[in-house]
Amino acid sequence: MATRDRDRFRKYESGASKARKRNLREEFDKTQAGALDKYIRYPKKVGKQQKNVDLVVDSNVANVERNKKDYNESTTICGDDGNNESSRHLLSAANPPNFDNRDKSSGLSENDSGEDNSFPMIVKDIYDPGNWEHMSNALRSLLLEKGPIRLPDDHDYPIDMEKRHFSRNFYIRKMPNKECVGRRWLVYSQIKDAAFCFCCKLYGKSSAGKLSNGGCNDWRHLGQKLEKHELSAEHINNMKAWLESLKRMSRNTGIDSKMLDQINKEKRHWRAVLTRILAVVQYLAENNSAFRGKTEKLYQPHNGKFLGLIEMLAKFDPTIQEHVRRIKDGETHDHYLGHQIQNEFIELMASEVKKIIIAKLKIAKYFSIILDCTPDVSHKEQLSLIVRFVDASDCDLKVVEHFMEFFIAENTTGKGLSELLLVALEKLGLDIDDCRGQGYDNGANMKGKQQGVQAHILRKNSRAFFTPCGCHSLNLVLGDMAKISSKAVTFFGVLQRIYVIFAGSPARWKILEEAVPYITVKSLSDTRWECRIESVKALRYQISEIKEALFTVSDESKDPMVKAEAESLANFEVGNFEFILAVIIWYDILFAVNTVSKSLQSADMQLDVAIQQIKGLVTYLTNYRENGFNSAMITAKEIAKAMDVDQVFKQKRSRKRKRQFEYESTDESTLSGEDEFRTEYFLCIMDQAIIGMNTRFEQIRQYDSLFGFLYNINTMRKLNNEDLLKSCMNLDIALRSIRRA
């Protein structure tokens, strides 16, 4: 008694107590030994020196998807609220994935934390007889409806140590009179690599032989055992029971016919519910809309667009009305309205769309890739992959572009991005050797001749011709033009100042809208030059109205800084003849470039048409360099006269240098204001534009010299045989040299 009292008040656990716990742990570990063996199996095939052990996860992907679908159907019988006996037996027998129970709640649960790790990675195939350990009425009904399911004819069965395996010849029974009869009842289990009797597994006893219990994998003597089994009395009785059940099921005259009617009715209900939920998910995904709000409960404020559409459907659709009623009354907890099932639907739809695109791409065989990187809201660099190919799946051939996937780019160097691209193509099942084109921007990590992505890809496939983005090249040409002259930099700075002063307050913007009835001023952007033509366009056709609006802001504003800025812009910038002339020149240039840029962005743009557009733009810029200044001067003088602006240029003050010696030359004569503007501003930006166009589109002209004769069949017919043969020989030599390189 004293010892027990002493043990009761011990501060530390005694040695005997520790030993008892250790023994219990050891016994538990022994019971768990080999528990993972039912999830994995080691292939017995040793042919072709294949000795590495691969982990085989349950069944194939098709069985997983089919199992998931049929589990949704089977678990909804009789409401499947957890109180139905058949449902519980089916859950224990089939052990389906718990991909719906995550969204269970009495109503709709809030956003739960944690990642979704329950989507099937290990899913038991309920059609595999190796998983029919506990046969329930619900599982038996489902198997009777589907019947025995066999593997495809080209399935590669594993080979045992005796170099034998299951053969489809076992499905055929040869009668003494040489007649062949099919063994419909024979099924093969991938899980256990054994043969089973379908009817004996459903209706027989567990001790009725290997074909109805653990399966038979004695391939040497399987033929004899099958003949013995099919002549046994128990197999014949089980076969009769199976055929009678099928007959009753077809006539719907079984004892549980009412129950089957209820099950089928429940299946149709859940199928209709999932169809509508999937339609809502597809609608929101196609329109790039947000799904969720602040809460995930029905009929709560700010619960998001997804639940809002469900609530709207519940007003008109009887199926959704019944579904919502069950949720509100607590009759079902499997509502399929949670955020995780939404994500799974999106992933499944995206996977199907991707499969269709890849199938079309493999029909076309050859493709081009387009890459671009941009940081997302989480400050991670995202690489977008787009494929371009000729869609030959229909009779109507057309060039299409499809977005494939986003990838997180940890390494943004040319080598890192090219490695990521190769992994992405391998993941999609595409061969880099079939790539015939690359399209990136003009960044150094993409365009670099030595370490850029295009250089790394060309080392893998020399026929993957690189073409930089035409629109991005045009933007860079305009950027170089705007930076080549200090007056050009000042010009665009004035445009931004005009926008800032009007956008600074609603009152000033209202003054602008009252003065300018058509086009308002726009803000500038370093990357999107289309906004610059819109900003210049507002001044090109409404410069006098904008000047009056600036005077109005100066008169009505009480802020001295705003007043001074508006007055300065009105008098010394907008009211300056050089600024008016610069507006005319830049509008003519930007309008021509923007027209070509829009054309290059069209979905059906071809390389030959793009080359013609670029050549036309170079010709226009060359002609404008020669004649554009005089025509712009005429237009600027007309506008200046209407605005009562002096038509004079700012004269640059001449700088006189002190001569130290008599033999030094005198100061050069200074140019007039007009000549200086034409030489140091107009000709400077035009020369830079022409040089930039010729430099940045040199590669496209090289492609035109190689492939140009193939663009138009009518042009090809006009060539004589010698010219056509010469063009073909040049193309052949170029492709051979590229291949060797």
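Residues numbered from 1 in each chain as written. Predicted model: local features only at pLDDT ≥ 70, side-chain atom pairs only at ≥ 80, totals over all residues. Heavy atoms only, no water.

A.B. asks: For this particular structure, what's the right way to read the overall build of the protein?
C.D. replies: A tally of helices and strands in the protein yields 26 helices and 9 strands. Looking at the protein residue by residue over its 741 residues, the buried ones come to 40%. Approximately 43600 Å² of the protein is accessible, and the part contributed by carbon and sulfur atoms is 52%. (Helix = DSSP H or I, 4+ residues; strand = E, 2+ residues; numbered from the N terminus. Buried < 20%, exposed > 50% of the residue type's maximum accessible area, 1.4 Å probe, protein only. Areas by Shrake-Rupley, 256 points an atom, 1.4 Å probe, with all protein chains shown as cover.)

A.B. asks: Sorry, what's going on with the pairing of strand β3 (residues 186-189) here?
C.D. replies: Along any regular strand the residues' side chains alternate between the sheet's two faces. On β3, burial covers both faces: L186 and Y188 on one face and V187 and S189 on the other are all buried. In terms of strand pairing, β3 meets strand β4 (residues 194-197) through 4 bridges, oriented antiparallel. Paired with Y188 across the bridge in β4 is A195. Following β3, the chain reverses through 4 residues before pairing antiparallel with β4; D193 in that reversal takes a positive phi of roughly 50°. (Pairing = 2+ DSSP bridges.)

A.B. asks: What am I meant to see in helix α21 (residues 577-600) here?
C.D. replies: Three- or four-residue spacings in an α-helix give side chains the same orientation, since the helix completes a turn every 3.6 residues. The end-to-end C-alpha separation of α21 is 35 Å, in line with the 34 Å expected for 24 residues at 1.5 Å each. Of all the 24 residues making up α21, 19 are buried; the element is thus mostly covered by neighbouring parts of the structure. The N-terminus of α21 is capped by N576, whose side-chain oxygen sits 3.2 Å from the backbone nitrogen of E578. (Expected span 1.5 Å × (residues − 1). Polar contact = N/O pair within 3.5 Å; in protein donor to acceptor, adjacent residues only side chain to side chain.)

A.B. asks: Looking at this structure, how should I read the environment of T413?
C.D. replies: Counting through the fold element by element, T413 comes out in the loop between β7 (398-408) and α13 (414-427). You can call T413 partly exposed: its relative accessible area is 41%. Expressed as a C-alpha distance, the spacing of T413 and Q451, which sit 38 residues apart in the sequence, is 8.2 Å.

A.B. asks: Got a minute to help me understand the nonpolar core in this structure?
C.D. replies: Generally speaking, a soluble globular protein has its nonpolar side chains buried in company with each other. Counting 78 residues, the largest nonpolar core has F491, I585 and W586 as its most contacted members. The dominant element in this core, judged by the number of residues it contributes, is α21, at 16 residues. The residues contacting F491, other than those within four sequence positions of it, are V536, F579, A582, V583, W586 and Y681. Listed in part, the 30 residues of the second largest apolar core include L186, C199, C200 and L226. (Core = buried A, V, L, I, M, F, W, Y, C linked by side-chain atoms within 4.5 Å. Contact = heavy atoms within 4.5 Å.)

A.B. asks: Please clarify how the sheet that holds strand β6 (residues 381-391) should be interpreted in this entry.
C.D. replies: Hydrogen bonds along the backbone pair up the strands of a sheet, which may run parallel or antiparallel. Pairing in this open sheet of 5 strands is mixed, and the strands run β7-β6-β5-β8-β9 from one edge to the other. Each edge of the sheet is formed by a strand with only one pairing partner; in this case those strands are β7 and β9 (465-466). As judged from the 8 bridges shared by strand β5 (residues 367-375) and β6, these two strands associate in the antiparallel manner. Within the sheet, the bridge partner assigned to T374 lies in β6 and is Q382. Packed onto the sheet, α13 meets β5, β6 and β7 and runs at close to 125° relative to β5. (Axes fitted to C-alpha atoms, helices over the stretch in contact; angles between N-to-C directions.)

A.B. asks: Where do I start with the confidence of the model for the protein in this structure?
C.D. replies: Note that predicted coordinates carrying low pLDDT should not be read in detail. With 81% of its residues at a pLDDT of 70 or more, the protein shows a mean pLDDT of 80. Across residues 42-122 the pLDDT falls below 50, and counting only partners more than four positions away or on other chains, this stretch makes 147 contacts in the model. (pLDDT = per-residue confidence, 0-100.)

A.B. asks: It is not clear to me how the pattern of salt bridges should be interpreted in this structure. Could you clarify?
C.D. replies: Two side chains of opposite charge can pair, provided their charged atoms sit close to one another. Scanning the entire structure with this criterion turns up 25 salt bridges. In this structure, the salt-bridge partner of E162 is R220, at a minimum N-O distance of 3.7 Å. With E162 in the loop between α5 (137-146) and β1 (172-174) and R220 in the loop between α6 (198-203) and α7 (222-230), the pair connects residues that are 58 residues apart, well separated along the chain. Counted as one network, the salt bridges with shared partners bring together E266, E322, R325, R326, D329 and E331. (Salt bridge = Lys/Arg side-chain N within 4 Å of Asp/Glu carboxyl O.)

A.B. asks: Can you walk me through helix α20 (residues 560-573) in this structure?
C.D. replies: Taking 1.5 Å of rise per residue, 14 residues should cover 20 Å, and α20 covers 19 Å from first to last C-alpha, within 8% of that figure. Turning to α20, its buried residues number three or more, namely V562, A566, L569, A570 and E573. Down the axis of α20, the smallest arc covering the buried residues is 125°, so these residues share one side. The outward face of α20, more than 90 degrees from its buried face, is lined by the exposed residues P560, M561 and F572. (Arc of directions from axis to C-beta.)

A.B. asks: Whenever I open this one, the packing of helix α17 (residues 486-503) against helix α19 (residues 530-556) confuses me. Can you help?
C.D. replies: Pairs of packed helices are described in terms of their axes, by the angle between the two and the distance that separates them. With their axes 11 Å apart at the nearest point, α17 and α19 run at an angle of 55° to one another. Judged by the inter-axis angle, α17 sits oblique to α19. Taken as a pair, α17 and α19 cross one another with a handedness that is left-handed. On the side of α17, the interface is formed by F491, F492, L495, I498, I501 and F502, while α19 contributes R532, S535, V536, L539, I546, A549, L550 and V553. Residues that form the contact of α17 with α19 fall into these classes: 12 nonpolar, 1 polar and 1 charged. (Parallel < 35°, antiparallel > 145°, perpendicular 65-115°, else oblique. Left-handed = near helix turned anticlockwise from the far one by under 90°. Nonpolar A, V, L, I, M, F, W, Y, C, P; charged D, E, K, R; others polar.)

A.B. asks: What exactly am I supposed to notice about a nonpolar patch on the surface here?
C.D. replies: A cluster of nonpolar side chains, contributed by V390, L397 and V399, occupies part of the molecular surface with about 230 Å² of accessible area. Mapped onto the secondary structure, L397 falls in the loop between β6 and β7. (Patch = residues over 30% accessible without salt bridge, like charges linked within 9 Å, V, L, I, M, F, W, Y side chains within 5 Å.)

A.B. asks: Would you explain the packing of aromatic side chains in this entry?
C.D. replies: What describes a pair of aromatic rings is the distance from one ring centre to the other and the angle between the planes of the rings. Per the stated rule, a full pass over the model turns up 29 aromatic pairs. Where F577 meets F649, the ring centres are 5.3 Å apart and the plane angle is 85°; that geometry is what we call edge-to-face. With F577 in helix α21 and F649 in the loop between α22 (607-643) and α23 (673-696), this residue pair connects regions lying 72 residues apart in the sequence. The exposure class assigned to F649 is buried, which follows from its relative accessible area of 16%. (Phe/Tyr/Trp six-rings, centres within 6.5 Å; stacked < 30°, edge-to-face > 60°.)

A.B. asks: Looking at this structure, I do not really get the side chain of E311. What am I missing?
C.D. replies: Along the chain, E311 falls in helix α10 (residues 304-313). Buried within the structure, E311 lacks any salt-bridge partner; K315 is the closest side chain of opposite charge, at an N-O distance of 7.2 Å. Side-chain polar atoms of E311 contact the backbone nitrogen of Y299, separated by 2.5 Å. Sequence-distant contacts of E311, that is, excluding residues within four places in its chain, are made with L298, Y299, Q300 and N303. (Lys, Arg positive; Asp, Glu negative; His and termini not counted.)

A.B. asks: Looking at this structure, how should I read a negative patch on the surface?
C.D. replies: Taken together, the side chains of E513, E514, D555, E556 and E567 define an acidic patch exposed on the protein surface. Of all elements in the fold, only α18 (506-515) and α19 reach the threshold of two or more residues within the negative patch. On the secondary structure map, E514 appears in helix α18. (Charge placed at Lys NZ, Arg CZ, Asp CG, Glu CD.)

A.B. asks: What am I meant to see in the pairing of strand β8 (residues 435-439) here?
C.D. replies: Extensive coverage of β8 is indicated by the burial of 4 of its 5 residues. Taken together, the 4 bridges between β5 and β8 define a ladder with parallel strand orientation. The residue bridging F367 from the neighbouring strand is C435, located in β8. In the sheet, β8 pairs with β9 via 2 bridges, with the strands oriented parallel. Bridge pairing links G437 to F465 in β9.

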